[in-house]
Amino acid sequence: MKRNILISGGGIAGLTAAKLLSSQGHDVTVIDKAPSFTKAGFLISLKSFGVKIMDELGMTENLLHESSPSEYAAFMEANERVIQKISYEEMNKNTERSVLISRGGLHHVLFENIKDEVKVLLNTTISQAVQQGDTTRVTLSDGTAVTADLVIIAEGLRSPTREQYFKNCKLEDFNTIYMGGKLKFLHGYTVGSFKIYIDVNKMLSIYPIAPDEIALQCYIQEAGTSSTGRPNANELLANSFKGYSEGVQDLLKRFIAEGLMFVDKMGMINAPDLVNGHLVLLGDAGYCPTALSGMGASLSIYGAKAPAHFISKTPENLTLACKNYNTLMQPLIQKFQGNARKNAASFIPKSEERLHQFVHAFRSASDDDLQKIMTDPIILTEEQLSFKIG
Ligand SMILES: Cc1cc2nc3c(=O)[nH]c(=O)nc-3n(C[C@H](O)[C@H](O)[C@H](O)COP(=O)(O)OP(=O)(O)OC[C@H]3O[C@@H](n4cnc5c(N)ncnc54)[C@H](O)[C@@H]3O)c2cc1C
């Protein structure tokens, strides 16, 4: 049964859903508030089932083409002492390989794949959505009216449509600013070997992605900033890593002068129900697990596969398909959001004592323990991978 499906938000989740649903023969339209799409953005490590689904969708080759080399991640103390050095090859032994790629690069791969199959309207948002029986009448920002059997809201963490139509959602604030960017210059760091500095209330990651390109990402915990408040990012970055090595200081100065590209506040959504009638929350809009879970993109891709799966199982009954989607996702959301909270406590310790405990435990972990620490939080059970519920 062919359905009219409107997807608001053509990001990672929205485009994956568009791909899967249009492949099933549904009439899919994607709208996005952005005037254009770019490849820019922060680096993500797409892992585990996210890579597996991209493979199933036939996009691995393009994904690898857009990716950056990743060999080692060294967790460091501020004084340059290594806490643990983890090999990606070792870590990948228990999961699908992980792929280091910019969010924009991953988005580009998805967009190139669907752009000839699916209608994408840029510069467009939902002004109003009125549910009437089994259909939803949507007024778009350009004044046009569309009728949809299903409206998927995949607008990212700060989704205004969620705010309007899902009143029980709460934004959990991590009081953590994240910022970063990319710079082109001959830097001298080893390509594919990353440094992640763990310190009290902050974490700094340096990613040499080519001999002449380097990315930096950092998370700084700050009490007392409002959820929309933007502190002066340059000042915060300069002040936060003052005692670090000369090499780190020089790098930070370069980023402050010419390389900072994004600054935002970390948060995650707690949505008791991802479904309201035939409006469905997908991706960060419904269950952002934050950058600290390291699994947001994978969960967006998996979450996009879930409604497509359930609609194909009960094509006559969209209400049941939506309900099954919510039932499947809630325990997974608990798991990944729980991991994000744990990671926040470990990787951004709140006191010298916590930092010391983390450094000691991580440094003395056996290889087996380390494998478990790194891979357990990123896998799903066979049942979950095949969308079995109840
Ligand atoms: C610093 C950082 C590091 C990360 N690292 C990782 C990692 O290592 N591994 C990982 O798996 N994940 C990581 N993530 C998380 C991952 O990037 C997100 O979970 C993922 O991008 C979410 O996809 P999405 O499609 O839900 O939202 P987005 O990718 O944010 O896309 C939302 C889309 O909706 C559009 N939009 C917004 N508002 C509207 C509106 N009103 N109407 C229409 N369109 C709208 C936007 O323009 C955008 O195109 C990281 C995130 C950050 C911030």
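Structure's up top.
Below you will find a few notes about this structure. For clarity, every value in this text was computed on a predicted model and none was experimentally measured.

Thresholds applied
- Residues numbered from 1 in each chain as written.
- Predicted model: local features only at pLDDT ≥ 70, side-chain atom pairs only at ≥ 80, totals over all residues.
- Helix = DSSP H or I, 4+ residues; strand = E, 2+ residues; numbered from the N terminus.
- Rg over C-alpha atoms; globule rule 2.2 N^0.38 Å.
- Buried ≥ 20, exposed ≤ 12 C-beta atoms within 10 Å, placed from the backbone.
- Contact = placed C-beta atoms within 7 Å.
- Pairing = 2+ DSSP bridges.

Let us look at the overall build of the protein. A tally of regular secondary structure across the protein gives 14 helices and 18 strands. Since a compact globule built from 390 residues should have a radius of gyration of about 21 Å, the 21 Å found for the protein is in line with a globular shape. If you line up the protein on its principal axes, its C-alpha atoms span 65 × 40 × 40 Å. For the protein, the residues scored as buried account for 42% of the 390 residues in total. Across the protein, contacts joining residues at least 24 apart in sequence account for 71% of those joining residues at least 6 apart.

Pairing between strand β4 (residues 72–76) and strand β5 (residues 82–87): five bridges, direction antiparallel. Paired with F75 across the strands is Q84, a residue of β5. Hairpin connection of β4 to β5: five residues between the antiparallel strands, including E80 at a positive phi of 75 degrees.

Both strand β8 (residues 126–132) and strand β9 (residues 135–140) contribute to a ladder of six bridges, which runs antiparallel. Residue pairing in the sheet places A129 in a bridge with V138 of β9. A loop of two residues connects β8 with β9, the two strands running antiparallel in sequence, and G133 in this loop sits at a positive phi of about 65 degrees.

Let us now look at unusual backbone geometry. Of note, E80 is a non-glycine position whose phi angle comes to about 75 degrees, a positive value. For E80, a count of 12 C-beta atoms within 10 Å gives the class exposed. For T290, which is not a glycine, the phi torsion comes out positive at approximately 65 degrees. For T290, a count of 26 C-beta atoms within 10 Å puts it in the buried group.

Take it as geometry only, folks, not as evidence of what the structure does.
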